[in-house]
Amino acid sequence: KVGCHAKTSFDLLRLTGWLVWMLNNLQTLAFSGLPGLESNSSGKEWTAARRLPQALIIGVKKGGTRALLEFLRLHPDIRALGSEPHFFDRHYARGLDWYRSMMPKALDGQIVMEKTPRYFVTQETPARVHAMSQDVKLIVVVRDPVSRAISDYTQIISKTPDIPPFESLYISFFSLGQIDSLWSPLWIGLYAQHLERWLSWFPRSQIHLVSGERLISDPAGELGKVQDFLGLQRIKPEGSSKPHCLGKTKGRTHASINPEVMQRLRDFYKPHNQRFYQLAGQDFGWQ
Ligand SMILES: Nc1ncnc2c1ncn2[C@@H]1O[C@H](COP(=O)(O)OS(=O)(=O)O)[C@@H](OP(=O)(O)O)[C@H]1O
């Protein structure tokens, strides 16, 4: 898959032919400030500048957001920040000038974007994003909330090996036997509730939902839809490209969870998923 120690390989898509590679490298030359390139007298298309993003990948954590961003970064009309700036959730007090200074330089016509999966679930973020731009395009990669939760827990346990097993954490401490919907790995998967908050600020047409499952089974198809949403020319998957590894934090072997607990979680999410499908206008087919 990803870390190249795991299931998905980035060459699934074979997105770049050498032509795209050439285009990207031409941009790099332009950005590096070689004399004559930026100061083209006739056209401002050579003038690269830092701009606020016009598109954001706002979630969800463990949905496949890194893979999507890396795919999109191969597009010559996209300039994306590689790291997660966490501006709207953590660093808002630093102001928009700071945020703009984080962005890569972009030419006219290129789309500037970043990804911070936590935006999707933080209360204050939609209003703040709206205050920056009412036209910004929002992308959310969603994935079966049960496998997302286990991926999330697997990441937590990799950082803090001493935490209790999933089977004891998913139950509420206060009302014994009840599923703890406030526990972060479970709460993030309440997609309907989070999407509703965004929909009170942005129209549905401005939010594009990507299926994390299809991003693996049909990356070209899923990516094509994202490119359409962004108003970009579709880059055809052609030629072969080197596998691009996303690192060891992707594609870990999931912690093994008691099958009865898995079934309880599926039952727990069922009504939430149905509500999400209604809001989304599409059925993601999670069991
Ligand atoms: N090509 C492709 N398409 C779709 N999904 C992929 C792809 N490659 C990796 N993955 C899986 O995405 C999971 C990590 O998601 P994120 O990148 O959103 O994680 S993070 O929130 O940035 O930490 C992580 O899930 P788990 O392996 O279940 O942990 C990755 O395996």
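Nothing here was measured: the structure is a model prediction, and the numbers come from that model.

**Section: the side chain of Arg143**
By secondary structure assignment, the location of Arg143 is in the loop between strand E6 (137-142) and helix H5 (145-159). As a buried residue without a salt bridge, Arg143 has its nearest oppositely charged side chain in Glu213, at a separation of 5.2 Å. Polar side-chain contacts of Arg143 include one of 2.7 Å to the backbone oxygen of Lys62. Discounting chain neighbours no more than four positions away, the residues touching Arg143 are Lys62, Gly63, Arg148, Ser151, Tyr191, Glu213, His254 and Trp286.

**Re the pairing of E6**
Burial analysis of E6 places 5 of its 6 residues in the buried class, which makes it a mostly covered element. Of the strand pairs in this sheet, E6 and strand E7 (residues 207-211) are connected by 5 bridges, and their pairing is parallel. Each bridged residue has a counterpart across the sheet, and for Val142 the counterpart in E7 is Ser211.

**Observations regarding the sheet that holds E6**
Pairing is parallel in the open sheet, where 5 strands are placed in the order E3-E5-E2-E6-E7. Lying at the two open borders of the sheet, with one neighbouring strand each, are strand E3 (78-80) and E7. Here the strands of the sheet are splayed against their neighbours by 25° on average, with no regard to which way each runs. Alignment of strand E2 (residues 55-59) against E6, held across 4 bridges, turns out to be parallel. What sits directly across from Ala55, in E6, is Lys137.

**Thoughts on the UniProt feature "binding site: 3'-phosphoadenylyl sulfate" (unreviewed entry) in the chain**
Under the UniProt annotation, "binding site: 3'-phosphoadenylyl sulfate" (unreviewed entry) lies at Lys62, Gly63, Gly64, Thr65, Arg66, Arg143, Ser151, Lys250, Gly251, Arg252, Thr253 and His254. Looking at the element boundaries, Ser151 is found in helix H5. Aside from chain neighbours lying at most four places away, what touches Ser151 is Lys62, Arg143 and His254. Note on placement: Gly251 falls in the loop between helix H10 (219-229) and helix H11 (259-280).

Calculation criteria
- Residues numbered from 1 in each chain as written.
- Predicted model: local features only at pLDDT ≥ 70, side-chain atom pairs only at ≥ 80, totals over all residues.
- Heavy atoms only, no water.
- Helix = DSSP H or I, 4+ residues; strand = E, 2+ residues; numbered from the N terminus.
- Buried < 20%, exposed > 50% of the residue type's maximum accessible area, 1.4 Å probe, protein only.
- Lys, Arg positive; Asp, Glu negative; His and termini not counted.
- Salt bridge = Lys/Arg side-chain N within 4 Å of Asp/Glu carboxyl O.
- Polar contact = N/O pair within 3.5 Å; in protein donor to acceptor, adjacent residues only side chain to side chain.
- Contact = heavy atoms within 4.5 Å.
- Pairing = 2+ DSSP bridges.
- Axes fitted to C-alpha atoms, helices over the stretch in contact; angles between N-to-C directions.
- UniProt positions renumbered as here; feature names shortened; annotations may be inferred.

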